[in-house]
Amino acid sequence: MKTNPFYDPYRVLSKVYADGAHLKIALAETDIEELNRARMVKTVYGVLEHDAYLSLCVKTFAPKNPKQSARILLKISLYWLLYLEKPKYMVTDTAVDLLKRLGKGGMAGFVNAFLRAFDQEKVVLPQGDEGLAVTYNYPLFAVKKIKEEYGARAEHIFAAKSAGVTVRFERGEEEYLSRPHIKTPFPHAYIFPNFARDKHFFAGGYTFQSVGSMAICAVVEPCEALLDACAAPGGKSVLLSRKCKRVTACELHPHRVSLIEQYVARMGVENVRAVCADSSAFRTEWEKTFDGVLCDVPCSGLGTLAENPDLALRKSEADLPSLFAVQSAILRNCARYVKPGGCLYYSTCSLLGEENDGVVGEFLRANSAFSAEAAESPLPYERTKYGLQFLPDTAYGAGFYVCKMRKKP
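This text gives an overview of the structure that appears in the document. (Residues numbered from 1 in each chain as written. Predicted model: local features only at pLDDT ≥ 70, side-chain atom pairs only at ≥ 80, totals over all residues. Heavy atoms only, no water.)

### Focus on the overall build of the chain
Helix and strand content of the chain: 17 helices and 13 strands. Here the C-alpha atoms of the chain give a radius of gyration of 23 Å, agreeing with the 22 Å that 2.2 N^0.38 yields for 409 residues. By principal-axis analysis of the C-alpha atoms, the chain measures approximately 75 × 45 × 40 Å. Within the span of the chain, comprising 409 residues, buried residues form 52% of the whole. Residue pairs at least 24 apart in sequence account for 68% of intrachain contacts in the chain once pairs closer than 6 positions are excluded. For the chain, the accessible surface area stands at approximately 18,400 Å², while carbon and sulfur atoms represent 53% of it. Separation of charge centres in the chain, based on 52 positive and 46 negative side chains, amounts to 2 Å. (Helix = DSSP H or I, 4+ residues; strand = E, 2+ residues; numbered from the N terminus. Rg over C-alpha atoms; globule rule 2.2 N^0.38 Å. Buried < 20%, exposed > 50% of the residue type's maximum accessible area, 1.4 Å probe, protein only. Contact = heavy atoms within 4.5 Å. Areas by Shrake-Rupley, 256 points an atom, 1.4 Å probe, with all protein chains shown as cover. Lys, Arg positive; Asp, Glu negative; His and termini not counted. Charge placed at Lys NZ, Arg CZ, Asp CG, Glu CD.)

Okay, here's the thing in structure tokens:
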């Protein structure tokens, strides 16, 4: 089975499409043939990055909606045909062979006929916003909202791609800089086209951390005691431990608290304490005890689609009201933990003003003890009414927001 190049992509994508697994978790939890890992990762990311268009291709040539297993295999096959430019006969033979090995030989005739008949010239893109959603693999509601907010810039935002894998080094970076890379404006942080973990990762020599995560940390002032209210997997807590004397890293779910503890241990950090707690529920013992509180709240994640293409499968406009409620609840509650004169930070990885300035504005109108304070960043940004908005077309493919607020002394 391992000799069939569609086998590993099929297993990973089945977890994503059929089981609703997150792509990165599905990759981590699947036993993959190391020899073909790079090709497999390229395939699964490629299929998900082009999911909307590949779905249109399937719909165009399938007389009725195929079973999930057939759809997944057809999308892998079409990705190899259209984007890797492999010969049709080879792709068809590989797909049919895998079906037979999986005991799904009954679908082999359908898949064979589909691939032999497929002609990209006959695939017609929808017009307008629907066409943009298919072309750039964005949820339709997000296309409409982003166009409304950003106008002519919207298509540049949709088209932005991830610049690669961002690595932040604690030590030993010289060993890796002979490889092609982009230097970010953050200390000891570089973007590589690809980067496989080695022994130095496990020894804490470096870590993988997004540009957005580092940019948010750069806005945080050095202080004695910091609360990272939504901390998993722990990257921001660890980075902030370098300029804050004590960091309390808070998470709602025990398994995510364990992620923080593992991250902290791997990086050899001793001034971060992980706590399992609901950041929207008041804890009396934390009232007015922190010089800084960072609320990197749950959000739509629309700014990370270039890096996490599977998110497009799960995002719905119907999710937004409950997200706004959680974001507001966390911000209101965590404000109570800030000492007089201290700072409250609010951040998301969203492009939508509703989740960003919208939530902050509502909070500030109800909390006169706080006021927004101007922040700066070495990354290009758009200054909003209250904070900084970073956009994928100028921030290495990432979109995110941060606002700094100060409590009156």
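Back to the text.
### Some remarks on the nonpolar core
In this structure, F114 and F118 are the most contacted members of the largest nonpolar core, which totals 46 residues. When residues of this core are traced back to their parent elements, those giving at least two are helix 1 (7-17), helix 2 (23-28), helix 3 (37-49), helix 4 (51-61), helix 5 (68-82), helix 6 (88-101) and helix 7 (108-117). With ten residues, the single largest contributor to this core is helix 5. Filtering out sequence-adjacent residues up to four positions away, F114 remains in contact with C57, V58, F61, A62, L74 and L78. V211, A249, I260 and C343 belong to the second largest nonpolar core, which has 37 residues in total. (Core = buried A, V, L, I, M, F, W, Y, C linked by side-chain atoms within 4.5 Å.)

### Some words on empty space enclosed by the protein
The method is simple in principle: a probe with the dimensions of a water molecule rolls over the atoms, and the space it marks as empty is what remains. The tally for this structure, following the rule as stated, stands at one cavity of 30 Å³ or more. Along the walls of the largest cavity sit eleven residues, with P5, D8, P9, N36 and R39 positioned nearest its centre. For the lining of the largest cavity, the elements supplying multiple residues, two or more each, are helix 1 and helix 3. (1 Å grid on protein atoms, 1.4 Å probe; cavity = no way out; pocket = protein on both sides within 12 Å on 5 of 7 lines; lining within 4 Å. Points joined across faces, edges and corners; volume = space filled by probe spheres on them.)

### Looking at helix 4
Among all positions in helix 4, only D51, Y53, L54, L56, C57, V58 and F61 are buried. Those residues of helix 4 that are buried are in contact with helix 1, helix 3, helix 5, helix 7, helix 8 (128-136) and helix 15 (311-314).

### Observations concerning the pairing of strand 6 (residues 244-251)
Counting buried positions along strand 6 gives six out of eight residues, so the element sits mostly inside the fold. The sheet contact formed by strand 5 (residues 223-228) and strand 6 spans five bridges and is parallel. When the sheet's bridge partners are listed, L226 is paired in strand 6 with V247. For the crossover that starts at strand 5, traverses helix 13 (residues 235-240) and ends in the parallel strand 6, the hand is right-handed. (Pairing = 2+ DSSP bridges. Right-handed = clockwise from strand over helix to strand, strands pointing away.)

### Description of the sheet that holds strand 1 (residues 165-169)
Across the sheet, which stays open at both edges, the four strands sit in the order 2-3-1-4 with antiparallel pairing between neighbours. Looking at the sheet topology across the chains shown, the edges are occupied by strand 2 (182-183) and strand 4 (206-208).

### Looking at the layout of surface pockets
Considering only enclosed or pocket space, the second largest pocket measures out at about 300 Å³ in volume. Elements represented by at least two residues in the lining of the second largest pocket include exactly helix 4, helix 8 and helix 15. Of the residues assigned to the lining of the second largest pocket, the class counts are ten nonpolar, one polar and two charged. (Nonpolar A, V, L, I, M, F, W, Y, C, P; charged D, E, K, R; others polar.)

### A word on the side chain of E355
Along the chain, E355 turns up in the loop between strand 9 (338-348) and helix 17 (357-366). At 7.8 Å, K315 is the nearest oppositely charged side chain to E355, a buried residue that forms no salt bridge. Within the local environment of E355, its side chain forms a polar contact with the side chain of Q327, the two groups lying 2.9 Å apart. Leave out the neighbours within four places in its chain, and E355 touches C299, S300, L320, L323, F324, Q327, Y346, T348 and S350. (Salt bridge = Lys/Arg side-chain N within 4 Å of Asp/Glu carboxyl O. Polar contact = N/O pair within 3.5 Å; in protein donor to acceptor, adjacent residues only side chain to side chain.)

### Points about the pattern of salt bridges
A complete count under the given rule lists 23 salt bridges for this structure. For R283, the salt bridge is made with E285, and the minimal N-O distance between the two is 3.0 Å. Three or more residues are tied together by salt bridges with common partners; here these are E221, E373, K404 and R406.

### Some thoughts on unusual backbone geometry
With an omega of 5°, the peptide bond running from A232 to P233 counts as cis. Looking at the element boundaries, P233 is found in the loop between strand 5 and helix 13. A positive phi angle is found at E85, which is not glycine, with a value near 55°. Following the sequence through the fold, E85 ends up in the loop between helix 5 and helix 6. Using a relative accessible area of 68% as the deciding quantity, one classes E85 as exposed. Despite not being glycine, H188 has its phi angle at roughly 60°, a positive value. Along the chain, the position of H188 falls in the loop between strand 2 and strand 3 (189-192).

### Focus: the packing of aromatic side chains
Per the counting criterion, the structure on display carries 29 aromatic pairs. Look at F169 and F192: their rings are 6.4 Å apart centre to centre, the planes differ by 75°, and that puts the pair in the edge-to-face class. Highlighted residues: F169 in strand 1 and F192 in strand 3, separated in sequence by 23 residues. Exposure remark for F169: the relative accessible area of 2% places this residue in the buried category. These aromatic residues form a ring-pair network of at least three members: F169, Y176, Y190, F192, F195, F201, F202, Y206 and F208. A cation over an aromatic ring shows up here: R266 above the ring of Y263, its NZ or CZ 5.1 Å from the ring centre. (Phe/Tyr/Trp six-rings, centres within 6.5 Å; stacked < 30°, edge-to-face > 60°. Lys NZ or Arg CZ within 6 Å of the ring centre and 35° of its normal.)

### With respect to the environment of V91
Within the element layout of this structure, V91 appears in helix 6. Taking the C-alpha atoms as reference, V91 lies 43 Å from P185; in sequence the two are 94 residues apart. For V91, the residues in contact, after removing those within four places along its chain, are F6, S77, W80, L81, K86 and L115.

Function cannot be read off these values alone, since they describe shape.
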